[in-house]
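# Fold and contact review
Take a look at the letters that make up each chain.
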Amino acid sequence: MNNLNGILLLVGSMAAFAIEDMFIKRLSVSVPTGQILVVLGVVCGVAFALLTVASRKRIFEPAAWKAVPLIRASTEGVAAVAFVTALSSIDLSTVAAVFQALPLVITMGAALFLGETVGWRRWSAIGVGFIGVLMIIRPGLEGFQPETLLVILSVVLIAARDLITRRLDTRVPSTVVAMQAYLSATLAGAVLMIWADQPVVPLQSAHVFPYLAAFLSSMLGYYGIVAAMRVGEASAMMPFRYTRLVFSMIAGMLMFNERPDAMTLAGASLIIASGLYTFVRERRLARQLAIA
């Protein structure tokens, strides 16, 4: 494991994803969300297929088309629909703040499904983090926006994706993993367009730059996170996922004049604090075991 490279890749991917979110939100004003997913999925999927061929790796590597990688791609497609739908409806900073619960959900998932040991302190931290999520979404209160529940759904699915990534066969190229994810997003976007009866909007000159920026940032972000999860330890990299909130809040303020309220900031602070405590606790336990 090379944790430094993994951390640098992860921070870079968080910045790229924040930029992608910004341009997707801008596009969603005049383009249906399903169409955005289809176009993004097709272009980026083809690009990763070409990168696979250029790197002399096999697109149809048998290990890449077994149950585990296909399940992973399926979670990606559903998560993309949930996330982009939420992004088109609520503030970018709110989406990013709720999304910071991802490391906590990954820790919980690792304990429940991968057999990792999580003590009462970390379970308590997870509970505090979820209180922070409730402070942001405010169910039953005046500021509640139902679309925030879609962000929570995407968090659960992305956590499943990341846990599955750790179980992928090492023979599967990262470019193929990314290509499969974009293929899944394309199919999910098409289903959304049919199910919601979304019209096809012709390409306009005002769409060209946001599309290109979203394509590039999406590819860089996705490749970076897949590579990071495969070269570094998940526990060492998790705290650096929170940089996405910083990038997203800056983007929201500059592009959409967003101003997160005190409750959102307090909830985000609780989530980040609990996530960082979980990380510190995990590292301390690892050192104690190494000494023993």
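Report on the accompanying structure. All figures in this text were calculated on a predicted structure; none of them were measured in a lab.

What counts as what
Residues numbered from 1 in each chain as written. Predicted model: local features only at pLDDT ≥ 70, side-chain atom pairs only at ≥ 80, totals over all residues. Heavy atoms only, no water. Axes fitted to C-alpha atoms, helices over the stretch in contact; angles between N-to-C directions. Helix = DSSP H or I, 4+ residues; strand = E, 2+ residues; numbered from the N terminus. Parallel < 35°, antiparallel > 145°, perpendicular 65-115°, else oblique. Contact = heavy atoms within 4.5 Å. Nonpolar A, V, L, I, M, F, W, Y, C, P; charged D, E, K, R; others polar. Salt bridge = Lys/Arg side-chain N within 4 Å of Asp/Glu carboxyl O. Buried < 20%, exposed > 50% of the residue type's maximum accessible area, 1.4 Å probe, protein only. Phe/Tyr/Trp six-rings, centres within 6.5 Å; stacked < 30°, edge-to-face > 60°. Polar contact = N/O pair within 3.5 Å; in protein donor to acceptor, adjacent residues only side chain to side chain. Patch = residues over 30% accessible without salt bridge, like charges linked within 9 Å, V, L, I, M, F, W, Y side chains within 5 Å. Areas by Shrake-Rupley, 256 points an atom, 1.4 Å probe, with all protein chains shown as cover.

This next bit is on the packing of helix H7 (residues 148-165) against helix H9 (residues 205-231). Running from amino to carboxyl end, H7 crosses H9 at an angle of 50 degrees, the nearest separation of the two axes being 9 Å. Accordingly, the angle class assigned to the pair H7 and H9 is oblique. On the side of H7, the interface is formed by Arg161, Asp162 and Thr165, while H9 contributes Tyr222, Ile225, Met229 and Arg230. Grouping the amino acids of the contact of H7 with H9 by side-chain chemistry returns three nonpolar, one polar and three charged.

Looking now at the pattern of salt bridges. In the structure shown here, the tally under the stated rule is seven salt bridges. Residue Arg72 is joined to Glu76 by a salt bridge in which the shortest nitrogen-to-oxygen separation is 3.9 Å. Remark: Glu76 and Arg72 occur in helix H3 (residues 67-89); sequence separation between them is four residues, near one turn of the helix. Glu76 shares its class with Arg72; the two are buried. For the salt bridge of Asp169 with Arg171, the shortest nitrogen-to-oxygen distance reads 2.7 Å. Taking relative accessible area as the criterion, Asp169 reaches 28% and is therefore assigned partly exposed.

Attention now goes to the packing of aromatic side chains. Per the stated rule, a full pass over the model turns up six aromatic pairs. Pairing Phe48 with Tyr182 gives two aromatic rings, centres 5.8 Å apart and planes at 15 degrees, and the pair type is stacked. Taken together, the residues Phe48 in helix H2 (residues 33-54) and Tyr182 in helix H8 (residues 174-195) connect sequence positions 134 residues apart. Judged by relative accessible area, Tyr182 falls into the buried class, the value being 6%. Each ring, one from Phe83 and one from Phe99, has its centre 5.4 Å from the other, and the planes form 70 degrees; the classification is edge-to-face. Note that Phe83 is positioned in helix H3 and Phe99 in helix H4 (residues 92-99), a separation of 16 residues in sequence.

Our next topic: the side chain of Arg138. Looking at the secondary structure, you find Arg138 in the loop between helix H6 (120-137) and H7. Classification of Arg138 by relative accessible area gives buried; the value is 15%. At 3.5 Å, the side chain of Arg138 forms a polar contact with the backbone oxygen of Ile136. A distance of 2.8 Å separates the side chain of Arg138 from the side chain of Asp261, its partner in a polar contact. Sequence-distant contacts of Arg138, defined by excluding residues within four places in its chain, comprise Phe144, Asp261, Met263 and Thr264.

Let us look at a nonpolar patch on the surface. On the surface, a cluster of nonpolar side chains totalling about 470 Å² of accessible area is made up of Val246, Ile250, Met253, Leu254 and Met255. As for its position among the elements, Val246 is in helix H11 (residues 243-256).

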